[in-house]
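# Structural overview
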Amino acid sequence: MRFLHLSDLHLGKRVCEFSMLDDQRYILEQVLSLLDARPVDGVLLAGDLYDKPVPPAEAVRLLDWFLTELAARGLPVFAVSGNHDSADRIAFGAQLLAGSRVYVSPVFAAPPAPITLTDEYGPVDVWLLPFLKPAAVRHVFPDEKIESYNDAIGCVLNACAPDPARRNVLVAHQFVAGAAVCESEEPSVGGVDSIDVSLFEGFDYVALGHLHSPQKVGRDTVRYAGSPLKYSFSEAHQHKAALFVTLGEKGSVRFEAAPLTPRHDLRELRGSYMELTDRRAYDGTPTDDYLHITLTDEQDVPDALARLRVIYPNLMRLDYDNRRTRAAETPDAAARAESKTPLEHFAAFYEAQNGQPLSDEQAAFCQSLIEDIWKEDEA
């Protein structure tokens, strides 16, 4: 039995205030083309279908289109909600969708029940485990001692009790200890949200979502598919792919990664202003890629962001690396940072991300938000 494992679509995401919707549709069309060329028996969507719990309407329409295209191909779809999703919104219409063999994880109220497919080797049970926090599991298992994420997921999986004589596939969205993270992900301080890979011993394949770097964790058959697009510059050197998983007889699992080519790559460039604006340096290159440019000029270039965008229209982020910026990274800079007001910190962050300072109107709005937060804390 052959599956396509995808995760972390993050539909509706914005990167440095650039909407990714057109790029997301482009990559999903590429996924559909792959499925037409390489037939599968099901698609595993391991969470973070949306980028926000309340996604924009355009993102909802895009997911609706993608699921409709999969269903039109007669493919069963197995989807779980991730930490960026609203479990209630993902579960909306679940019973109706199941009639088209689009199975989505319900709001957690009991251990999941398997959905069974069959091939020449017998049954394959697919289990859907949405992103869970300990509090949600305590509500369902009030008599169990649940103090951590590891306790919570272990409790739920013990209650599932997969049949060891059958092949079992788990679709889940959690942070497994030992996995490598990158800038666009949200691991908690101290790794308190991590779980141990040993919890998955009863499953022949575990299709994970949450981390954007494709990787295996602990054993070959516990894998993060990674996001289909690069969503931060810490991912600039990654190679994104669609992960095909083939289950043979019990104990036999094979993998194949099909490269995904984005509409606009996300890259980093470095050099002086003169070097990067020399036609010989950029002629024939994809100048419309999403870029993070680091200028090495010792003096700031006036209006550099706007001038560079004449050549590189999708320049997302502009930084400097020179004696001034390196001096700002010294221990004395930490002390100076402590003396800054919250608004000054936010203004510096905004300028670093967007290459331009806050306007007076934006600064006034941010200050009012900060004051509102202080009032709530004092109350």
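The preceding data block contains the structure.
Our next topic: the sheet that holds strand E1 (residues 2-6). Strand order in this open sheet of six strands is E6-E5-E4-E1-E15-E16, and the pairing throughout is mixed. For this open sheet the edge positions go to strand E6 (102-104) and strand E16 (253-259), each flanked by a neighbour on one side alone. If you compare each strand with its neighbour and ignore which way they point, the axes differ by 20° on average. Relative to strand E4 (residues 42-46), E1 runs parallel, the two being bridged by four bridges. Note on E4: the bridge partner recorded for histidine 5 is leucine 44. Across the sheet, helix H2 (residues 57-72) is in contact with E1, E4, strand E5 (77-80) and E6; its angle to E4 comes to roughly 155°.

Glancing now at the pattern of salt bridges. Tallying each qualifying case throughout the model produces 21 salt bridges. Ionic pairing is found between glutamate 69 and arginine 73, a salt bridge with its closest N-O pair at 2.9 Å. By relative accessible area, glutamate 69 is classed as partly exposed at 25%. Among the ionic pairs, aspartate 265 bridges to lysine 230, the shortest N-O distance being 2.9 Å. Here the residue aspartate 265 occupies a position in the loop between E16 and strand E17 (266-271), and lysine 230 occupies one in the loop between strand E14 (219-224) and strand E15 (241-247), the gap between them amounting to 35 residues. Judged by relative accessible area, aspartate 265 falls into the partly exposed class, the value being 24%. Residue class for lysine 230 comes out buried when judged on its relative accessible area of 13%. Each of the salt bridges in this network shares a partner with another, and the network as a whole consists of Arg2, Arg38 and Glu256.

On to unusual backbone geometry, then. In the Ramachandran plot, aspartate 48 falls in the positive-phi region, its phi being about 55° despite a non-glycine side chain. Overall, aspartate 48 belongs to the buried group, its relative accessible area being 1%.

Before going further, it helps to spend a moment on the packing of aromatic side chains. Counted under the stated rule, the structure contains seven aromatic pairs. With 5.9 Å between their ring centres and 75° between their planes, phenylalanine 18 and tyrosine 290 make a pair best called edge-to-face. In this pair, phenylalanine 18 sits in strand E3 (residues 18-19) while tyrosine 290 sits in strand E18 (residues 290-295), placing the two residues 272 residues apart along the sequence. Considered together, phenylalanine 18 and tyrosine 290 belong to a single accessibility category, that of buried residues. Arranged with centres 6.5 Å apart and planes meeting at 35°, the rings of tryptophan 65 and phenylalanine 66 form a pair that is tilted. Directly above the aromatic system of tyrosine 231 lies the positively charged group of lysine 13, at a separation of 5.8 Å from the ring centroid. Lying over the aromatic face of tryptophan 65, arginine 25 brings its terminal NZ or CZ to 4.0 Å of the ring centre.

Strand order in this open sheet of three strands is E17-E18-E19, and the pairing throughout is parallel. Two strands bound the open sheet, and with one partner strand each, they are E17 and strand E19 (315-320). Averaged over all adjacent pairs, the angle separating strand axes in this sheet is 15°, with direction ignored. Bridging between E17 and E18 involves six bridges; their strand directions are parallel. The partner of glutamate 268 across the bridge, within E18, is histidine 292.

Moving on, we get to the state of the cysteines. Applying the stated criterion across every chain yields a total of zero disulfides. Considering cysteine sulfurs only, cysteine 155 is the nearest to cysteine 160, which forms no disulfide, with 9.8 Å between them. Take cysteine 160: its relative accessible area is 8%, and that puts it in the buried class.

What follows covers helix H1 (residues 21-37). A rise of 1.5 Å per residue sets the reference length of H1, with its 17 residues, at 24 Å; its end C-alpha atoms lie 25 Å apart and thus fit the reference within 8%. What H1 keeps buried is the set Leu21, Asp23, Gln24, Ile27, Leu28, Gln30, Val31, Leu32, Leu34 and Leu35.

The rules behind these values
- Residues numbered from 1 in each chain as written.
- Predicted model: local features only at pLDDT ≥ 70, side-chain atom pairs only at ≥ 80, totals over all residues.
- Heavy atoms only, no water.
- Pairing = 2+ DSSP bridges.
- Helix = DSSP H or I, 4+ residues; strand = E, 2+ residues; numbered from the N terminus.
- Axes fitted to C-alpha atoms, helices over the stretch in contact; angles between N-to-C directions.
- Contact = heavy atoms within 4.5 Å.
- Salt bridge = Lys/Arg side-chain N within 4 Å of Asp/Glu carboxyl O.
- Buried < 20%, exposed > 50% of the residue type's maximum accessible area, 1.4 Å probe, protein only.
- Phe/Tyr/Trp six-rings, centres within 6.5 Å; stacked < 30°, edge-to-face > 60°.
- Lys NZ or Arg CZ within 6 Å of the ring centre and 35° of its normal.
- Disulfide = S-S within 2.5 Å.
- Expected span 1.5 Å × (residues − 1).

Read these as layout, nothing more, since geometry by itself doesn't imply function.
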